[in-house]
Amino acid sequence: MSAAPPRKGENWELRQQLNSEYRDKRADAIKRVIANHTIGKDCSGLFPDVVKNMQTDDLEQKKLVYLYLMNYAKTQPELVILAVNTFVKDTADSNPLVRALAIRTMSVLRAEKILDYLASPLSRCLKDENPYVRKTAALCVAKVFDLKPELCVEYGFIETLRDLIGDGNPMVVANAVAALGDIHEASLALPPSNPSSPNGESPPPSSRPSSQLFIIDQPTLTKLLVALNECSEWGRIAILNTLARYKAQDVAESEHICERVMPQFQHINAAVVLGAVKVIMIHMRNVQREDLLRSLSRKMAPPLVTLISSAPEVQWVALRNINLLLQKRPDILANEMRVFFCKYNDPPYVKVEKLEIMVRLASERNVDTLLGELKEYASEVDVEFVRKAVLAIGQAAIKIETAAERCVGVLMDLIETRVSYVVQEAVIVMKDIFRKYPHSYEGIIPALCANLDELDEPEAKASLIWIIGEYAEKIDNADELLTVFLEAFKEESYPVQLQTLTAIVKLFLKKPDQSQAIVQRVLQAATKDCDSPDVRDRAYIYWRLLSSDPAAAKSVVLSVRPPISLPQTTVVPAILEELLGEISSLASVYHKPAATFIGKGRLGAEEMQRRAVDQTRPEEEVSREKALQTVVAGQQAENLLDFDDEPSAPTEAGAISSQAIASAAKSSNPLDELMDLFSSASMAAPTTQPVQSTGMSGSMADLMSPMNGSGTRSGVVSPTVAAPPPQQQLNGAEDDLLGLF
Amino acid sequence: MISAFFIFNQKGEVLISRLFRTDLKRSISDVFRIQVISNPDVRSPIITLGSTSFFHVKINNVYVVGVTKCNASAALVFEFLYRFITISRAYFGKLDEESVKNNFVLIYELLDEILDFGYPQNSEIDTLKMYITTESIKSEMAVREDSSKITIQATGATSWRRSDVKYRKNEAFVDVIETVNLLMSKEGAVLRADVDGQILMRAYLSGTPECKFGLNDKLVLQKRGDTGPKSEDAVELDDCQFHQCVRLGKFDTDRSISFIPPDGEFELMRYRSTSNINLPFRLQTHVTEPTKSRVEYTIHLRASFDAKLNANNVVVRIPTPLNTTKVESKTGAGKAKYHPGENFIIWKIPRIQGQQEYTLTAEADLAQTTHRQAWSRPPIELDFSVVMFTASGLLVRFLKVFEKSGYQSVKWVRYLSKANGSYQIRF
């Protein structure tokens, strides 16, 4: 500092004030420094001057100086040493608040130099007579572990923490548990590459940081269950998180845990309630007793419903979790659909979630009420929500066969409103209903066709064209309608082109005499004027099929497709189980395993190893592992874009914002998946599968590849391959896949 | 674990920034500003970018934001953010840009106390107020003397109560406040009617009083329909939740509500009831659109509670089409006014006696539009507060106070049913 900084400017002024002889002037200056820091000005130059004010009797001023130190210690590691003396002195102050404050601050300074001085005050504070100091010190161990794990081991802090679980004060217990949990997490993330280095430094090899830092045994469990009822709400959450990790020894113990945790359902804090739900969902897996299972399910419902009247953000978290819970236990809220009715002034993200849950809860008993509501929502103004409401009507129709007719009635009412986006969505939904109930509602096709001019979205157009093609024999003017689309063939988007092509071929196969010309035109147009390889390829395939073996063409193009159904789950069962063990966490909100968005590469080899070590049900674990890996692989691009230390390029980072969630939910929604299939490749599946049928290995990927069809498979078609009815074969091989539909 | 805590104003300027863990840098606040505040498309309260998740709550003109880099408990983060808002209110009234700027030192002090290494600590307002004071100059000696006691209390088994509370007159006030949620269809069918109840208590009781609280309800948590004929006045509560002072274990075994109350005001319990809701108001609507440029309203409002009771501040918000140009209304009571900015006719009646009935007729003239879409008709909303009336029928049967010294205490109970945007009638 001897370089004589300019004797003017704000920092110079502040420096003068910080060194003022008047106490209130100094106090004021510190406040200004903090204010400057908050708005992002660099105040590191004032370090020595601020530190001078550290020794004070004024607790508030001390706190501010400490706050300054926390922010700037890292930038001035050489100067931090100036503060050490005061820190160490403060940790022995007679005032427990000061002791706690000092140890709390000292442990977050992140300077190597300080750490060496920290060890002995910390071990003193961990055994302080005052619980407030102890509970603060307990968390400090986790902070130190974060900086220098060896230190914790060397001084036996972790053992001390374990002892603190038996402390008489519930708050201390809670913080000790939280700290141990934190250390446990951190030790999992430690690179296992150098196990020898801590081993070499610290004499007792048994105490080196390992993944077994926090073992929960039965005595610990007993202590935790006692503390659960006594400590603060936040402490309860920490304890519940730990209980979720505990592996029960036998059924009786699982039952015991469930019974002891159940009263927490009545807590006012939503995080405690969801934490309790999590613990119970985990330990319920072992419970055999029917009456207990029933009582657990029954008691879980009311608190979940109550969460729906909390603040919108909390509500949303609860709704996402309820959605997950319902996939596992659809019965828990069977009678509660009304509470999920959307309020007019609910935020959009809450409304969309409520819709999904309403469809999940739909049954024959409540479908009329549901339809009434959905119809009401369809007249609201928020376009996205309205579309989802219309989609929900279709989902209800597919889910409940007896109600399908009423659903179709409602959809027809909506189409009559002639509001463009409602009509378009309704047409898309109708296509799905035709997929589920072929030949049931042909009477409404004219009404749909009447809206031909209204449609301007590719998906809606493609859907309507598909319907026309599918029922070409029933529609007298099908050729006229399709000609309309053929006129504009070149301007249409690829999905519409594909659909037009297929529909016209269907029409030709059904009414060969009157559509010879039009099929010729479409094949010409698709092969000559179209720049999408997909469209071209498909046109070639059709052309050859039609010219070489019309019978084969018929069996391929007009084969009977399996009806679609609404699945119980939107995530793979293995992942569902994983997510249910993480209720209330981000993972459960996103319905994605944590590894997909935390992305520290934790799900690498070591994680696998760890899982392999403590797995109890091998085959289940393995399948979960596989599922997880698949998901992770799909997310890797995103993780690559992590802006960890690179705030300059944050905008590029892959965002899982609401849109992404929506699309995730969308892609996991089978109906939409179906639509995606339609839109990306239209009816490619049944038509192109024969091409691949020899190499069909039965995996999803194989099925997808011809659909995405970026490769050029032109010319490989030989009609003989297509001879066996491919759908039948598929039905057997692709059970899993079709199950998804 | 919450790695960082920020408060932003609407322009995205940082008002408060505090890092709690080392996995983040301060500049992360820029990411939030760019990705959330200046991005109008954001609809979700949680945004994850890379592996960093931002949780935000928008209140008044500020964003209160928690940031984490791990798979944190989402419910916990939001609960904490809302707790912070409650604490701020208790300390400086309203949480907005101005108050944050004026109280930033206090906010840093509070944050230091309620969040440590990302784990929420004691957040009981009553206890916090003992050692984080707004008047900055306080005798240091006094602080030193107290602090042992304070810290014991802040961590103790009854962290919410000091042991040395003394009152000359021992009183307890109980307020039962019910928010009535109603959704009525066009046809007048009740789609949804339930009550979110709150029992607020103000306890001015000396020593360490042990309280027992009873309601006219066997707290049938599970609807056991077969337990014989229920007494006439019993209320069925679907669910209840308690302040942390209530012994949950005891409630679970014998359904008794026993607790040592915090000193002063607190929320003892929340409950929910869905059966036999007495709707305090009935609304009959007749809305027609005789021509494309005109809407006619006839609205009957009937107070269906006891004639001895009164409802205060009744407000009926009647939506009008967006292209309304002029509204003429006539009413027998209160005032009705068209608010073009909000597209509502707002009908205010300061006071309604039970069993009375009022009618509003109005005509709205509409501008010609080329717009084809029909008017979506948002529901009519009704706000009110009815004193000494509970829509669920809940009554406080007793509140017993036991204290070592055996003093007598006076208890007061008030009831209030209200609606605030939650009473909706479609038309």
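Because the structure is predicted, anything quoted here is derived from the model rather than measured.

S.K.: How would you sum up the overall build of chain A? Please name residues and give values.
M.R.: Broken down by element type, chain A carries 41 helices and one strand. For chain A, the share of sequence-separated contacts (at least 6 apart) that also reach a separation of at least 24 residues comes to 69%. Carbon and sulfur atoms provide 52% of the accessible area of chain A, an area that totals close to 29,100 Å².

S.K.: Break down helix 6 (residues 96-106) of chain A for me, with residues and values.
M.R.: Counting buried positions along helix 6 of chain A gives eleven out of eleven residues, so the element sits mostly inside the fold. Capping the start of helix 6 of chain A, Asn95(A) holds a side-chain oxygen 2.9 Å from the backbone nitrogen of Leu97(A), two or three residues further along.

S.K.: Which residues make up the sheet that holds strand 10 (residues 210-215) of chain B, and what are the values?
M.R.: Residue and element names in this part refer to chain B. What the three strands build is an open sheet, ordered 12-10-22; its pairing is antiparallel. The sheet terminates laterally at strand 12 (257-259) and strand 22 (396-402), the two strands that pair on one side only. Shown here is a sheet whose adjacent strand axes are inclined to one another by a mean of 15°, direction ignored. Taken together, the three bridges between strand 10 and strand 12 define a ladder with antiparallel strand orientation. Bridged to Lys212 within strand 12 is Ser258.

S.K.: Talk me through the environment of Val522(A); I want residue IDs and the actual numbers.
M.R.: Residues and elements named next belong to chain A. Tracing the chain through its elements places Val522 in helix 28 (residues 516-528). You can call Val522 buried: its relative accessible area is 0%. As for Val522 and Asn286, which are separated by 236 residues in sequence, their C-alpha atoms are 61 Å apart. Once residues lying within four places of it in the same chain are set aside, the contact partners of Val522 are Leu486, Phe489, Leu501 and Ile504.

S.K.: Describe the packing of helix 22 (residues 404-416) of chain A against helix 23 (residues 420-436) of chain A, with residues and values.
M.R.: Residues and elements named next belong to chain A. It is the contact of helix 22 with helix 23, at a shortest axis distance of 9 Å, that shows an interaxial angle of 155°. The angle between the axes of helix 22 and helix 23 places the two elements in the roughly antiparallel class. Judged by the twist between their axes, the crossing of helix 22 over helix 23 is left-handed. Residues Val408, Leu411, Leu414 and Ile415 of helix 22 touch helix 23, and the partners they reach there are Val422, Val423, Ala426, Val429, Met430 and Ile433. Partitioned by chemical class, the residues of the contact of helix 22 with helix 23 number ten nonpolar, no polar and no charged.

S.K.: Could you give me a rundown of the interface of chain A and chain B, with the residues and numbers involved?
M.R.: Between chain A and chain B, the residue contacts involve 117 residues of the former and 105 residues of the latter. Carbon and sulfur atoms make up 54% of the surface buried where chain A meets chain B, a total of about 9,600 Å² over both sides. The largest per-residue losses of area from chain A upon contact with chain B belong to Trp234(A), Gln266(A) and Ile268(A), which jointly make up 9% of the total buried on that side. Here chain A and chain B share nine salt bridges between them. For Lys186(B), the salt bridge is made with Glu376(A), and the minimal N-O distance between the two is 3.2 Å. Put simply, chain A and chain B have 38 residue pairs in polar contact (both at pLDDT 80 or more) between them. Ranked by residues supplied to the side of chain A that touches chain B, first place goes to helix 8 (residues 131-147) of chain A with eight residues.

S.K.: So what's going on with the confidence of the model for chain A? Residues and values would help.
M.R.: Residues and elements named next belong to chain A. The predicted model of chain A averages 76 in pLDDT, with 76% of residues at 70 or higher. pLDDT under 50 marks residues 193-211. Its contacts with residues more than four places away, or in other chains, come to 15 contacts. Low pLDDT, under 50, characterises residues 636-741; the stretch is placed with 170 contacts to residues that sit more than four places away or in other chains.

S.K.: With reference to specific residues and values, describe the pairing of strand 20 (residues 357-366) of chain B.
M.R.: All names here are of chain B. Across the two faces of strand 20 the burial differs, with Tyr358, Leu360, Ala362, Ala364 and Leu366 buried and Glu357, Thr359, Thr361, Glu363 and Asp365 not buried at all. Alignment of strand 15 (residues 294-303) against strand 20, held across nine bridges, turns out to be antiparallel. Residue Arg302 lies in a different strand from strand 20, and its bridge partner there is Glu357. By the bridge criterion, seven bridges tie strand 17 (residues 324-331) to strand 20 in an arrangement that is antiparallel. Residue pairing for strand 20: Lys330 is matched across the bridge by Thr361.

About the cut-offs
- Residues numbered from 1 in each chain as written.
- Chains lettered and ligands numbered in written order.
- Predicted model: local features only at pLDDT ≥ 70, side-chain atom pairs only at ≥ 80, totals over all residues.
- Heavy atoms only, no water.
- Helix = DSSP H or I, 4+ residues; strand = E, 2+ residues; numbered from the N terminus.
- Contact = heavy atoms within 4.5 Å.
- Areas by Shrake-Rupley, 256 points an atom, 1.4 Å probe, with all protein chains shown as cover.
- Buried < 20%, exposed > 50% of the residue type's maximum accessible area, 1.4 Å probe, protein only.
- Polar contact = N/O pair within 3.5 Å; in protein donor to acceptor, adjacent residues only side chain to side chain.
- Pairing = 2+ DSSP bridges.
- Axes fitted to C-alpha atoms, helices over the stretch in contact; angles between N-to-C directions.
- Parallel < 35°, antiparallel > 145°, perpendicular 65-115°, else oblique.
- Left-handed = near helix turned anticlockwise from the far one by under 90°.
- Nonpolar A, V, L, I, M, F, W, Y, C, P; charged D, E, K, R; others polar.
- Buried area = accessible area lost by both parts, 1.4 Å probe.
- Salt bridge = Lys/Arg side-chain N within 4 Å of Asp/Glu carboxyl O.
- pLDDT = per-residue confidence, 0-100.

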